[in-house]
Amino acid sequence: MLQDQEVHAAEMERTFIAIKPDGVQRGLISEIITRFERKGFKLVGLKIMVPSKGFAQQHYHGAKERPFFNGLCNFLSSGPVVAMVWEGEGVIRYGRKLIGATDPQKSEPGTIRGDLAVVVGRNIIHGSDGAETAKDEISLWFKPEELVSYTSNAEKWIYGQN
Ligand code: GDP
Ligand code: MG
């Protein structure tokens, strides 16, 4: 039989979040990390890198037929990106809520894009849009040994325990 802690760990999901070059250049790294952290999500992977154009094309392969694909990949590979993996119950879906709509003009105030960005081509952050994408994006950006599994002391206060 699984112990409580193992059951809890098995329910945890992970998502891939990236602060794009505009977010990094505008000094918004800590602001964005704070929003995920204070919600109660757990950071399990973090690095800064300049992706190559080919890497950016792989990351955005789902958008390769879109007219903005080339510009988007040029932009993602134009400077440092902060790549992260966040863990928590419902983090894929709720992470997208924290981020807001793709077009910052349509993002609600209170969301990251709503509060901090103005146009769709410079919307500062990426977040996986579903379980499959999250799995693919995490394995594209991180080696398994770059991700850390740990129990945070705050978890019993965030999730409660019986
Ligand atoms: P996301 O999941 O909310 O990031 O949005 P998508 O997966 O649909 O698009 C990927 C990224 O392409 C977005 O975050 C934007 O940076 C960019 N993008 C999406 N739609 C447009 C558009 O109409 N014009 C431009 N220039 N960029 C776009
Ligand atoms: Mg997307």
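This text goes with the structure placed above it.
Let us look at the structure shown here. (Residues numbered from 1 in each chain as written. Chains lettered and ligands numbered in written order. Predicted model: local features only at pLDDT ≥ 70, side-chain atom pairs only at ≥ 80, totals over all residues. Heavy atoms only, no water.)

### Section: the side chain of R113
Our working rule: Here a helix means four or more residues in a row that DSSP labels H or I, a strand means two or more in a row labelled E, and each is numbered from the N terminus. Three labels apply to residues, based on accessible area from a 1.4 Å probe with only protein chains included: buried if under 20% of the type maximum, exposed if over 50%, partly exposed otherwise in between. Only four residue types enter the tally: Lys and Arg on the positive side, Asp and Glu on the negative side; His and the chain ends are excluded. When a carboxyl oxygen of Asp or Glu lies within 4 Å of a side-chain nitrogen of Lys or Arg, that pair is called a salt bridge. For the purposes of these results, a polar contact is taken to be a pair of N or O atoms within 3.5 Å, where, inside protein, one atom must be able to donate a hydrogen and its partner to accept one; residues adjacent in sequence count only when each atom of the pair is a side-chain atom. Here a residue-residue contact requires only that any non-hydrogen atoms of the pair lie within 4.5 Å.
Of note, R113 is situated in helix α7 (residues 112-116). One buried charged side chain, R113, makes no salt bridge at all; its nearest oppositely charged neighbour is D22, positioned 8.3 Å away. A polar contact is formed between the side chain of R113 and the backbone oxygen of A101, at a distance of 3.4 Å. Among the polar contacts made by the side chain of R113, one reaches the main-chain carbonyl oxygen of I125 at a distance of 2.7 Å. Apart from the residues within four sequence positions on either side, R113 is in contact with K20, I99, G100, A101, T102, P104, S107, N123, I125 and H126.

### Some thoughts on the site of ligand 1
Put simply, the test is: Here a residue is considered near a molecule or strand provided that any single heavy atom belonging to it is located within 4 Å of it. The protein chains shown are the only cover counted for residues, whose accessible areas, like all others here, come from Shrake-Rupley with a 1.4 Å probe. Buried and open spaces are told apart on a 1 Å grid over the protein atoms alone, a cavity being a set of points where a 1.4 Å probe fits but cannot get out and a pocket being an open set with protein on both sides within 12 Å along at least five of seven lines. Residues with an atom within 4 Å of a point are the lining residues. To qualify as sitting in a cavity or pocket, a molecule needs more than half of its atoms within 2 Å of the grid points. Following the grouping adopted for this structure description, the nonpolar residues are Ala, Val, Leu, Ile, Met, Phe, Trp, Tyr, Cys and Pro, the charged ones are Asp, Glu, Lys and Arg, and the polar ones are all others, Gly among them.
With respect to spatial proximity, the complete set of residues near ligand 1 consists of K20, Y60, R66, F68, L72, R96, T102, R113, V120 and N123. K20 places a polar side-chain atom, nitrogen or oxygen, 3.0 Å from an oxygen atom of ligand 1. Within the side chain of T102, a nitrogen or oxygen atom sits 2.5 Å from an oxygen atom of ligand 1. Burial of ligand 1 by the protein amounts to 72% of the accessible area it has alone, namely 540 Å². One can see that ligand 1 is located within the largest pocket. Per-class residue counts for the shell around ligand 1 are 4 nonpolar, 2 polar and 4 charged.

### Some words on the sheet that holds strand β4 (residues 125-127)
Basically, it comes down to this: Any two strands with at least two DSSP-identified bridges between them are counted as paired. Each axis is a line fitted through C-alpha atoms, and for a helix only the stretch in contact is used; angles between axes span 0 to 180 degrees, taken between their N-to-C directions.
Judged by pairing direction, the sheet is antiparallel, and its 4 strands sit side by side in the order β2-β3-β1-β4 without closing on themselves. Of all strands in the sheet, those bounded by a partner on one side alone are β2 (42-49) and β4. Averaged over all pairs of adjacent strands, the angle between their axes in this sheet comes to 15°, without regard to strand direction. Here strand β1 (residues 13-19) runs beside strand β3 (residues 81-88); their pairing, made up of 7 bridges, is antiparallel. Along β3, the bridge assignment pairs I17 with M84. Along the sheet face, helix α3 (residues 29-39) touches β1, β3 and β4 and points at about 5° away from the line of β3. Strands in contact with helix α6 (residues 91-99) are β1, β3 and β4; relative to β1, the strand with the most contacts, it is inclined by about 30°.

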